[in-house]
Amino acid sequence: MKKASLVVMISGNGSNLQAIIDAIQAESLPAEIKAVISNTREAYGVERAKRAGIPTFIKVKRKDQDREQYDAELAEIVKMYRPDFVILAGWMRILSMEFIGAFPNRIINLHPALPGTFPGVNAIERAWQAFQNKEISHTGIMVHLVPDEGVDLGPVLTQKIIEIKPQDTLEDLEKRVHQCEHELLVETIHKTILQSEESHA
Ligand code: GAR
């Protein structure tokens, strides 16, 4: 079976990137990470990629650049690796159509909340706070396609409800969310690879 080529884009810790690396190394995910792209120099995920022998590329937005220019350059870099899928695993910059248009139906985003809830940054913290205010009874995570500039919005591939317990600290909830994300992201990438193989058979 041909391995799917992935480019993984990150901005921070890279624990989800690590989950993908681990699944590939365990041969439970038929994929290869061609490159890891970070928009920040400090992202720990870059270290994780280097340790796994994966090419890394750091692309910081210059002050004199507008969003579209940056995204067009970013798309050129990602295209070099000819990915079957581009995985946004904690990529914290909103992408414009200059980038998205280059990879139709091939960009997959992970978000630590259910569809339509808490888009953008600090989603887990906002969900935890909403639970304290009795506005929600649970939270969740989702993996979705990125068709346009909508923030954490797009056709949902998978989602999972995550319980919030009354005694949970924010750290407890973050830990539970991240553990579930690691599983769901790998599962979803796997499922998407298999579906795309079937549709090309
Ligand atoms: C994850 O919780 C991911 O869902 C979130 O960033 C974190 C990255 O963690 N993404 C978003 O909030 C997107 N809006 P990681 O760097 O340890 O994988």
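Look above for the structure.
Everything numeric here is computed off the predicted structure, so don't read it as measured data. (Residues numbered from 1 in each chain as written. Predicted model: local features only at pLDDT ≥ 70, side-chain atom pairs only at ≥ 80, totals over all residues. Heavy atoms only, no water.)

**Q** How would you sum up the overall build of the protein? Please name residues and give values.
**A** The helix and strand tally for the protein stands at six helices and seven strands. Secondary structure of the protein in N-to-C order comes out as β-α-β-α-β-α-β-α-β-α-β-β-α. Computed over C-alpha atoms, the radius of gyration of the protein comes to 17 Å, within 12% of the 17 Å expected from 2.2 N^0.38 for 201 residues, which places it in the range of a compact globule. For the protein, the spread of C-alpha atoms along the principal axes amounts to about 50 × 45 × 35 Å. Classification of the 201 residues of the protein by burial places 47% in the buried group. (Helix = DSSP H or I, 4+ residues; strand = E, 2+ residues; numbered from the N terminus. Rg over C-alpha atoms; globule rule 2.2 N^0.38 Å. Buried < 20%, exposed > 50% of the residue type's maximum accessible area, 1.4 Å probe, protein only.)

**Q** Tell me about the site of the ligand, and name the residues and values.
**A** In the vicinity of the ligand, 13 residues are found, and the nearest of them are Gly14, Ser15, Asn16, Asp152 and Glu181. Gly14 is positioned with one of its backbone polar atoms (N or O) 2.7 Å from an oxygen atom of the ligand. The contact in question runs from an oxygen atom of the ligand to an N or O atom on the side chain of Glu181, over 2.4 Å. Isolated, the ligand exposes 450 Å² of accessible area, and the fraction of that covered by the protein chains is 90%. Those elements giving two or more residues to the shell around the ligand turn out to be helix H1 (15-25), strand E5 (107-111) and helix H6 (170-200). (Near = heavy atom within 4 Å. Polar contact = N/O pair within 3.5 Å; in protein donor to acceptor, adjacent residues only side chain to side chain. Areas by Shrake-Rupley, 256 points an atom, 1.4 Å probe, with all protein chains shown as cover.)

**Q** Could you give me a rundown of helix H5 (residues 123-132), with the residues and numbers involved?
**A** Regarding H5, the residues found buried are Ala123, Ile124, Ala127, Trp128, Ala130 and Phe131. On an axial view of H5, the arc spanned by its buried residues comes to 160°, and they lie on one face. Considering only its buried residues, H5 is in contact with E5, strand E6 (138-145) and H6. Lys134, located one to two residues past H5, shows a positive phi value of around 60°. (Arc of directions from axis to C-beta. Contact = heavy atoms within 4.5 Å.)

Read these as geometric descriptors, not functional statements.
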